[in-house]
Amino acid sequence: MSEENRLRDDITRFAKSLFDRGLTPGNSGNISARLSDGTLLVTPTGSSMGFLDPAHISHMAADMTHLGGDKPTKEVPLHSAFYDTRQTTGAVVHLHSTHAVALSMLPETAADNALPPLTPYGIMRLGKVQLLPFFLPGDPAMGQAVRGLAGKRSAVLLANHGPVVAGKDLEAAVFAMEELEETAKLALLTRGMNIRSLTQIQVHAVVDRFDVDWD
Ligand code: ZN
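This write-up is about the structure you can find in this document.

Conventions and cut-offs
- Residues numbered from 1 in each chain as written.
- Predicted model: local features only at pLDDT ≥ 70, side-chain atom pairs only at ≥ 80, totals over all residues.
- Heavy atoms only, no water.
- Axes fitted to C-alpha atoms, helices over the stretch in contact; angles between N-to-C directions.
- Helix = DSSP H or I, 4+ residues; strand = E, 2+ residues; numbered from the N terminus.
- Parallel < 35°, antiparallel > 145°, perpendicular 65-115°, else oblique.
- Contact = heavy atoms within 4.5 Å.
- Nonpolar A, V, L, I, M, F, W, Y, C, P; charged D, E, K, R; others polar.
- Donors = N, O, S within 2.8 Å, 3.2 Å for Na, K, Ca; no water.
- Tetrahedral: all angles 85-135°; square planar, octahedral: opposite > 155°, others 65-115°.
- Patch = residues over 30% accessible without salt bridge, like charges linked within 9 Å, V, L, I, M, F, W, Y side chains within 5 Å.
- Areas by Shrake-Rupley, 256 points an atom, 1.4 Å probe, with all protein chains shown as cover.
- Salt bridge = Lys/Arg side-chain N within 4 Å of Asp/Glu carboxyl O.
- Lys, Arg positive; Asp, Glu negative; His and termini not counted.
- Charge placed at Lys NZ, Arg CZ, Asp CG, Glu CD.
- Buried < 20%, exposed > 50% of the residue type's maximum accessible area, 1.4 Å probe, protein only.
- Pairing = 2+ DSSP bridges.
- Expected span 1.5 Å × (residues − 1).
- Phe/Tyr/Trp six-rings, centres within 6.5 Å; stacked < 30°, edge-to-face > 60°.
- Lys NZ or Arg CZ within 6 Å of the ring centre and 35° of its normal.

## What to know about the packing of helix α1 (residues 3–20) against helix α6 (residues 170–189)
Running from N to C, α1 and α6 cross one another at 10 degrees; their axes reach a closest spacing of 11 Å. Of the possible angle classes, the one that applies to α1 and α6 is roughly parallel. Counting all contacts with α1, which are made through Asp10, Ile11, Phe14 and Leu18, the residues of α6 involved are Leu170, Glu171, Val174, Phe175 and Glu178. Counted by class, the contact of α1 with α6 contains six nonpolar, no polar and three charged residues.

Structure, rendered in structure tokens:
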């Protein structure tokens, strides 16, 4: 099987898994992944993550001109902002996952570090997650806001909308996304309880040990 067809199948499989676990409802969410020639596969506009057809996934040039397949998601500017500002990006996943969206609306959520330090894995896989403001769906300003981070962040949370996570490949981006959603869920489950979060010393020990980008 060609690299491209394998990646089409992988996107379809991961997307269905995310959908089946209730991590993005209806036709929300989108995924992109880079091929070794620099072109990209992007999930089509209006498509449900649960019912993708591998053959219909959009094929895009590195500059996001359309090469084949269906028309891509309207949220392409979000994806290209990560590929253009972070050279290590091999895949981008965007979901409308419930707990992350809820976290984006809480007054205590810090814009420059939206995930509270509850477990080491959120820190290891995501670094600091930037909370971005609310944008109208499809507004290209979302992509500009990601570009404004100058490649410093691999994950953002769009207020009242959902998270976007970049990874070195599809599996890494999906696993990091799952960690983001699980950490948001823990934050909500324990909200108002007198819990022991990781201390600043413990956070920095994780950052040092696992070489996390934390500036
Ligand atoms: Zn969205």
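Okay, back to it.
## Regarding the coordination of the zinc ion
With distances of 2.0 to 2.5 Å, the protein atoms coordinating the zinc ion are Glu75 (OE), His94 (NE2), His96 (NE2) and His161 (NE2). Coordination at the zinc ion is irregular: its four donor atoms span angles of 86 to 149 degrees at the metal. Each donor residue of the zinc ion belongs to the same chain, and together they define the spacing E-x18-H-x1-H-x64-H. Of the two residues, Glu75 sits in the loop between β4 (66–68) and α2 (76–85) while His96 sits in the loop between β5 (91–94) and α3 (98–104), which places them 21 residues apart along the sequence.

## Overview of a negative patch on the surface
Together, Asp208, Asp211, Asp213 and Asp215 line one region of the surface with negative charge. Relative to the elements of secondary structure, Asp208 occurs in helix α7 (residues 200–209).

## A few points about the pairing of strand β8 (residues 162–167)
Counting buried positions over the six residues of β8 gives six, a clear majority of the element. As paired strands, β5 and β8 are joined by four bridges and run antiparallel to one another. When the bridges of β8 are listed, His94 appears paired with Val164. In this sheet, β8 lies alongside strand β7 (residues 155–158) in antiparallel orientation, the contact comprising four bridges. Opposite Ala155, over in β8, you have Val165 as the bridge partner. Between β7 and β8, which pair antiparallel one after the other, the connecting turn spans three residues, and Asn160 there sits at a positive phi close to 55 degrees.

## Some remarks on the environment of Thr73
Among the structural elements, Thr73 can be located in the loop between β4 and α2. With a relative accessible area of 8%, Thr73 lands in the buried category. Sequence separation between Thr73 and Ser32 is 41 residues; the distance between their C-alpha atoms is 9.6 Å.

## Quick notes on the sheet that holds β4
One open sheet accounts for eight strands, arranged β4-β3-β2-β1-β5-β8-β7-β6; its pairing is mixed. Each having just a single partner strand, β4 and β6 (130–132) make up the two edges of the open sheet. Ignoring strand direction, the axes of neighbouring strands in this sheet form an average angle of 20 degrees. In terms of strand pairing, β6 meets β7 through three bridges, oriented parallel. Bridge pairing in β7 places Gln130 opposite Val156. Across the sheet, α1 touches β1 (30–34), β2 (40–42), β3 (58–60) and β5, and the angle it forms with β1 is around 150 degrees.

## Quick look at α1
The end-to-end C-alpha distance of α1, which contains 18 residues, comes to 26 Å, matching closely the 26 Å that a straight helix rising 1.5 Å per residue would cover. Taken residue by residue, α1 has Leu7, Arg8, Ile11, Thr12, Phe14, Ala15 and Leu18 as its buried positions. The inward-facing, buried residues of α1 abut β1, β2, β3, β5 and α6. Gly22 lies just past α1 and shows a positive phi near 75 degrees.

## Some points on the packing of aromatic side chains
Taken as a whole and judged by the stated rule, the model has one aromatic pair. Here the aromatic rings of Phe19 and Phe51 are separated by 5.6 Å at their centres, their planes lie at 65 degrees, and the arrangement is edge-to-face. Taken as a pair, Phe19 in helix α1 and Phe51 in the loop between β2 and β3 lie far apart in primary sequence, 32 residues in all. Taking the ring centre of Phe14 as reference, the NZ or CZ of Arg13 above it sits at 5.8 Å.

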